[in-house]
Amino acid sequence: MASNCRTSSDQWKKRATKVELNETQKQEIKEAFDLFDVDGSGTIDVKELKSEKDEKEEILKAFKLFDDDDTGSITLNNIKRVAKELGENLTDDELQEMLDEADRDGDGEINEEEFLRMMQKTSLY
């Protein structure tokens, strides 16, 4: 009896090792994991699993998706890149208008505070 269990266990291991994920699948799993791993620690804590998320924290995560060059602000080039990735066909003038709408201090860029204000105003979060 014990040998049968070992055999089926060995067969299962052989079958399990044949499963290979392609890069796209690996990336999708990583992205799903990262949605829960809010603090970027590489582990998912119980507090990260609760459904109520800190609104400000979520908005700042979105800010970082725009600010891919880590300058601490969103420039017209950042907005262009995101629009292109999303398949949005907006003109430079339209994108500049969006930036100007959020740019409260007139420095030509959107900082975290301006982004937070804009996102809360539009009720997207």
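Everything that follows concerns the structure shown earlier in this document.
Here the structure is a predicted model, which means the values were calculated and not measured.

Draft legend 1. Structural view of helix 2 (residues 23–36). The end-to-end C-alpha distance of helix 2, which contains 14 residues, comes to 20 Å, matching closely the 20 Å that a straight helix rising 1.5 Å per residue would cover. One side-chain oxygen of the residue at the start of helix 2 lies 3.0 Å from the amide nitrogen of Thr24, identifying that residue as Asn22.

Draft legend 2. Examining a negative patch on the surface more closely. A contiguous patch of negative charge on the surface is contributed by Asp39, Asp54, Glu55 and Glu57. Relative to the assigned elements, Glu55 resides in helix 4 (residues 55–66). On the basis of relative accessible area, Glu55 is assigned to the partly exposed category, the value being 36%.

Draft legend 3. Inspection of helix 6 (residues 92–102) at higher detail. Residues of helix 6 that are buried: Leu95, Leu99 and Ala102. Seen from one end, helix 6 has its buried residues packed into an arc of 65°, which puts them on one side. Helix 6 presents Asp93, Glu97 and Glu101 as exposed residues on the side facing more than 90 degrees away from its buried surface. Where helix 6 is buried, its residues contact strand 1 (73–74), helix 5 (76–85), strand 2 (110–111) and helix 7 (112–122).

Draft legend 4. Structural context of a nonpolar patch on the surface. A surface patch of nonpolar side chains, about 450 Å² in accessible area, is lined by Phe33, Leu35, Phe36, Ile44 and Leu49. The topology assignment puts Leu49 in helix 3 (residues 46–49).

Draft legend 5. Quick look at the packing of aromatic side chains. Summed over all chains, the structure comprises two aromatic pairs. Ring plane angle 70° and centroid distance 5.4 Å describe the contact between Phe63 and Phe115, whose orientation is recorded as edge-to-face. With Phe63 in helix 4 and Phe115 in helix 7, the pair connects residues that are 52 residues apart, well separated along the chain. Of the two residues, Phe63 and Phe115, neither departs from the other in class, the shared state being buried.

What counts and how
- Residues numbered from 1 in each chain as written.
- Predicted model: local features only at pLDDT ≥ 70, side-chain atom pairs only at ≥ 80, totals over all residues.
- Heavy atoms only, no water.
- Helix = DSSP H or I, 4+ residues; strand = E, 2+ residues; numbered from the N terminus.
- Expected span 1.5 Å × (residues − 1).
- Polar contact = N/O pair within 3.5 Å; in protein donor to acceptor, adjacent residues only side chain to side chain.
- Patch = residues over 30% accessible without salt bridge, like charges linked within 9 Å, V, L, I, M, F, W, Y side chains within 5 Å.
- Areas by Shrake-Rupley, 256 points an atom, 1.4 Å probe, with all protein chains shown as cover.
- Salt bridge = Lys/Arg side-chain N within 4 Å of Asp/Glu carboxyl O.
- Lys, Arg positive; Asp, Glu negative; His and termini not counted.
- Charge placed at Lys NZ, Arg CZ, Asp CG, Glu CD.
- Buried < 20%, exposed > 50% of the residue type's maximum accessible area, 1.4 Å probe, protein only.
- Arc of directions from axis to C-beta.
- Contact = heavy atoms within 4.5 Å.
- Phe/Tyr/Trp six-rings, centres within 6.5 Å; stacked < 30°, edge-to-face > 60°.

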